[in-house]
Amino acid sequence: MAISPRQLLRTDLADISAYQVVQAQGFIKLDAMENPYELPAALQERWLDTLEQAALNRYPDSKATALRQNFCKTFAIPSSLELILGNGSDELIQILIMAVARPDACILTVTPSFSMYGTIADFMGVRVVKVPLAAESFTLQVDQVCEAIREHNPALIFLACPNNPTGTLWPQHDIEQIVQQSSGLVIIDEAYSPFSSRTMMSLVERYSHVLMLRTFSKMGLAGLRLGCLMGADLWVKEFDKLRLPYNINVLTQLSANFALDHISIFTEQAKQICIQRAWLIQAMQAISGIQVYPSEANFILFRTLRASADTVFNCLVKNKIMIKNVADNHLLENCLRVTVGTEKENQAFLDALKDSLA
């Protein structure tokens, strides 16, 4: 007799939903915080020449040594910090949660924030504590976070700086208060650092229980799936034990090294995105019927004041514009998030947004 999944698998698996990725072929894609700019044609040719060096019959360098060294040099990572690379930041988040997955453990984050912190914890059977951000301003409610730390003693605290999906960059002294209160690890996720006005790297240097996540995805290499975890060696070497060998394939290592050698291209693209962000915020603020929130990331959160978010979203879809409907969180009622695209894409979004509100 054939055995059923319910007889063999974890009992809680039936209640877990698979992460859904919306297919957006044929759309102006402004839903996933991707860099809209491709490599210049001449640079693409040189990149392809680099890939010809790949020994596809051999396993890649298990520790991606050259890439890690190049990363540290390019971004002036303090020599006191160690780092490991992951197959996207998601793999590193998973490693962090795997490492603390005891029956009595929990992680703490805020809401709304990056969904994968909670999703991966659910996969691992680790309890999640979520502290709401302040309504409307989306600021950290530091007193409530510290109270939750005292009550639950979380093994990990995840703080996205800037935060997704709000675009908020909280004051460093708020983060430091939380760091000082925590006896567990505090993970500062700087996925959107290319578009942010400041970094909190100094906290990683000053506090041994603070680690930092960064990613290559937002700078323009989302297709590579490459993330980085930085922190004190006594912690990073333990997490490295849970990293699968050869997790960064040879094509990704060559491509990322090539990108770091031409980092000025990506820095200029980030500047252009910030210019477009400022223009788009100003243009959206001139449209009646929506509230636009400030952003230090490559996306903008806005709230519809008369029409529902579902109505606006569906109208945009009809116009072949794909953005993200985030209204399922009660603090984000009637809220939508749009990625900053090229000038042409942003104008097309604005035109379709006006039509949907009309």
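Described in the following lines is the structure provided in the data block. (Residues numbered from 1 in each chain as written. Predicted model: local features only at pLDDT ≥ 70, side-chain atom pairs only at ≥ 80, totals over all residues. Heavy atoms only, no water.)

### A look at the sheet that holds strand β10 (residues 299-304)
Next up, step 1: The antiparallel open sheet is built from four strands, whose spatial order is β9-β10-β13-β12. Of all strands in the sheet, those bounded by a partner on one side alone are β9 (290-292) and β12 (324-325).
Next up, step 2: In the sheet, β9 pairs with β10 via three bridges, with the strands oriented antiparallel. Counterpart to Ile290 in the pairing with β10 is Thr304.
Next up, step 3: Contacts between helix α13 (residues 309-318) and the sheet are confined to β10, β12 and β13 (335-339), with β13 contributing the most and set at about 35° to the helix. (Pairing = 2+ DSSP bridges. Helix = DSSP H or I, 4+ residues; strand = E, 2+ residues; numbered from the N terminus. Contact = heavy atoms within 4.5 Å. Axes fitted to C-alpha atoms, helices over the stretch in contact; angles between N-to-C directions.)

### What about the pairing of strand β3 (residues 106-111)?
Next up, step 1: Across the six residues that make up β3, a large majority, six, are buried.
Next up, step 2: Across the two faces of β3 the burial is the same, with Cys106, Leu108 and Val110 and Ile107, Thr109 and Thr111 all buried.
Next up, step 3: Sheet analysis places β3 next to strand β4 (residues 127-132), joined by six bridges and oriented parallel. In the strand pairing of β4, Val110 is matched with Val131.
Next up, step 4: Handedness of the crossover joining β3 and β4 through helix α5 (residues 115-124) is recorded here as right-handed.
Next up, step 5: Bridging between β3 and strand β5 (residues 156-160) involves two bridges; their strand directions are parallel. Among the inter-strand pairings, Ile107 is bridged to a residue of β5, identified as Leu156. (Buried < 20%, exposed > 50% of the residue type's maximum accessible area, 1.4 Å probe, protein only. Right-handed = clockwise from strand over helix to strand, strands pointing away.)

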